[in-house]
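# Coordinate inspection notes
Chain residues, written in single-letter form:
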Amino acid sequence: MFDDSKCNECENVDCLTKCQWIEFDGIDDARSEMTKMINGEESRVLSECVTCFACHEYCPYGSNPFDLITTLQEKHDSLEVNEAMRKRMIAMYKPHDEFKPWDGIEPDKSTLNKCAFIKTNADDMKGEFFEDLQSIGGRDFFCNLLYHHIARDSVIRERVPIILENLEKQGVKEMICFHDECYGLYNSYIPRNNFEIPQGLKPIHVFEYVYNYLKENESKIQKLNIKAAYQRNCSTRFNTEIDEYVDKICELIGVERVDREFDRENALCCGGPLPMLGKKKLMRETQNKNIKDMLDHNAEVCFYNCPMCMETMGSKVERKGLKNYLLTNLCRKALGENIE
Ligand code: SF4
Ligand code: SF4
């Protein structure tokens, strides 16, 4: 939920002045656009925004400016999203009207939440980290944060209580989130919007889980000794502390995360939402700039947190001579699994 209490004393209006997608004529221009939005009015920010979530991270006061932007984008219908496509996307992950708990799930066992990737990325959820885990996934557990990219926060708000009720009925406790965005729902969206997590439910990011597994099995690790570029994803803006796990995992498995321009706070969106917003040309330009930066820093590999980033950028990255991996798959490779 947006909190404007610090905006008056905010010197640099970092949420907007640091935005990589919108030009401002100095701090006063950014402040004037921010003031319009605080007053609930139209601002060019709303239509020029590509929904990269970065302003959430840029704000030094934790004021959640993207929550304001997404609410106003819906109110003013600011994003050029095709209405038929929007309807299809919203219908695709609608939870079932009546939820039937999955058979065989034991509350005291750790559970992998496969989110929407249950079929598309089934092979990425195999291997020794995951083999002892029971799993859930699909539309009854889908995080729904995707709808921020089409200006439908209202759909997320409507569905969050249903997803939480489903988890409560399912009785899941320790839940490892395969998808960063899922973790973002439980770790950020839910607390900052005053929803309540069912008692006993403990969401864990897959990187924390994998790191702990690697530490316990350190003697089995064969260092990969590669230089790799990290494609940091949009939802990481809500879970910045997870970046520490990326560094710790890289160190353990012998991956040098190249110190390039478009990583960490300055990461560039993969471009996935841009075609939906009628900005295909911008997507191509952004990806070219991003991949050039990987090559300029001698990366041999591009590694990802989010399967959707890899889906969006993977073929172009490969054409430029880099291999693509989810970080979890690089970890499996370091444990001796045959991952190509
Ligand atoms: S949202 Fe944060 S960065 Fe933006 S003006 Fe308010 S306090 Fe400053
Ligand atoms: S979400 Fe991204 S593009 Fe939109 S205003 Fe925030 S930083 Fe800029």
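The structure displayed is predicted, hence computed values, not measured ones. (Residues numbered from 1 in each chain as written. Chains lettered and ligands numbered in written order. Predicted model: local features only at pLDDT ≥ 70, side-chain atom pairs only at ≥ 80, totals over all residues.)

### Points about the overall build of the chain
Scanning the chain for helices and strands turns up 13 helices and 8 strands. In terms of principal-axis extent, the alpha carbons of the chain reach across some 55 × 50 × 40 Å. Relative to its full complement of 340 residues, the chain shows a buried share of 43%. For the chain, long-range pairs separated by at least 24 residues make up 77% of all intrachain contacts whose partners lie at least 6 apart in sequence. (Helix = DSSP H or I, 4+ residues; strand = E, 2+ residues; numbered from the N terminus. Buried ≥ 20, exposed ≤ 12 C-beta atoms within 10 Å, placed from the backbone. Contact = placed C-beta atoms within 7 Å.)

### Notes on the domain arrangement of the chain
Structurally, the chain comprises domain 1 (14–75), domain 2 (84–205) and domain 3 (211–334). Taking only C-alpha atoms, the centre of domain 1 and the centre of domain 3 are 26 Å apart. Looking at the side of domain 1 that touches domain 3 residue by residue, the classes come out as 4 nonpolar, 3 polar and 1 charged. (Domains from an automatic or database assignment. Nonpolar A, V, L, I, M, F, W, Y, C, P; charged D, E, K, R; others polar.)

### Side note on the environment of Val50
Within the secondary structure, Val50 is located in the loop between helix H3 (44–48) and helix H4 (54–58). The spatial distance from the C-alpha of Val50 to the C-alpha of Ala91 is 23 Å, given a sequence separation of 41 residues. Once residues lying within four places of it in the same chain are set aside, the contact partners of Val50 are Trp21, Cys269, Pro273, Leu274, Leu277 and Lys279.

### Some words on the nonpolar core
By size, the foremost hydrophobic cluster in this structure holds 94 residues, and its most contacted members are Ile249 and Leu327. Here this core gets 6 residues from one element, more than from any other, and that element is helix H10 (residues 242–253). If sequence neighbours within four positions are ignored, Leu327 has contacts with Phe207, Val246, Ile249, Phe303, Tyr304 and Asn305. (Core = buried A, V, L, I, M, F, W, Y, C linked by C-beta atoms within 7 Å.)

### Focus on unusual backbone geometry
Positive phi is not limited to glycine here, since Ala151 has a value of about 55°. When the 25 C-beta atoms within 10 Å are taken as the criterion, Ala151 is described as buried. Unusually for a residue other than glycine, Asn298 sits at a positive phi of about 60°. Along the chain, the position of Asn298 falls in the loop between helix H11 (280–296) and strand E7 (301–304).

### Focus on the sheet that holds strand E4 (residues 202–205)
Overall, parallel pairing links the 4 strands, which are arranged E2-E1-E3-E4 in an open sheet. This sheet does not close on itself; its edge strands, each paired only once, are strand E2 (134–136) and E4. Strand-to-strand twist in this sheet, taken as the mean axis angle between neighbours without regard to direction, amounts to 35°. Both strand E1 (residues 111–113) and E2 contribute to a ladder of 3 bridges, which runs parallel. Along E2, the bridge assignment pairs Leu112 with Ser135. Running over the sheet, helix H8 (residues 180–192) touches E1, strand E3 (174–177) and E4 and is turned about 135° from E4. (Pairing = 2+ DSSP bridges. Axes fitted to C-alpha atoms, helices over the stretch in contact; angles between N-to-C directions.)

### A few points about the packing of helix H9 (residues 206–216) against H10
Packing of H9 against H10 leaves a shortest axis separation of 9 Å and a crossing angle of 30°. One finds that H9 runs roughly parallel with respect to H10. The way H9 lies across H10 gives a crossing that is left-handed. Judged by residue contacts, Phe207, Glu208, Val210, Tyr211 and Leu214 of H9 engage Ile242, Tyr245, Val246, Lys248, Ile249 and Leu252 from H10. (Parallel < 35°, antiparallel > 145°, perpendicular 65-115°, else oblique. Left-handed = near helix turned anticlockwise from the far one by under 90°.)

### Looking at the sheet that holds strand E6 (residues 255–257)
Reading across the sheet, the 4 strands line up as E6-E5-E7-E8 and stay open at both edges, with parallel pairing between neighbours. Here the strands that pair on one side only, and so sit at the sheet edges, are E6 and strand E8 (323–326). Within the sheet, the average angular offset between the axes of one strand and its neighbour, ignoring direction, is 40°. Bridge count between strand E5 (residues 226–231) and E6: 3 bridges; the pairing is parallel. Bridge assignment links Lys227 to a residue of E6, and that residue is Glu256.

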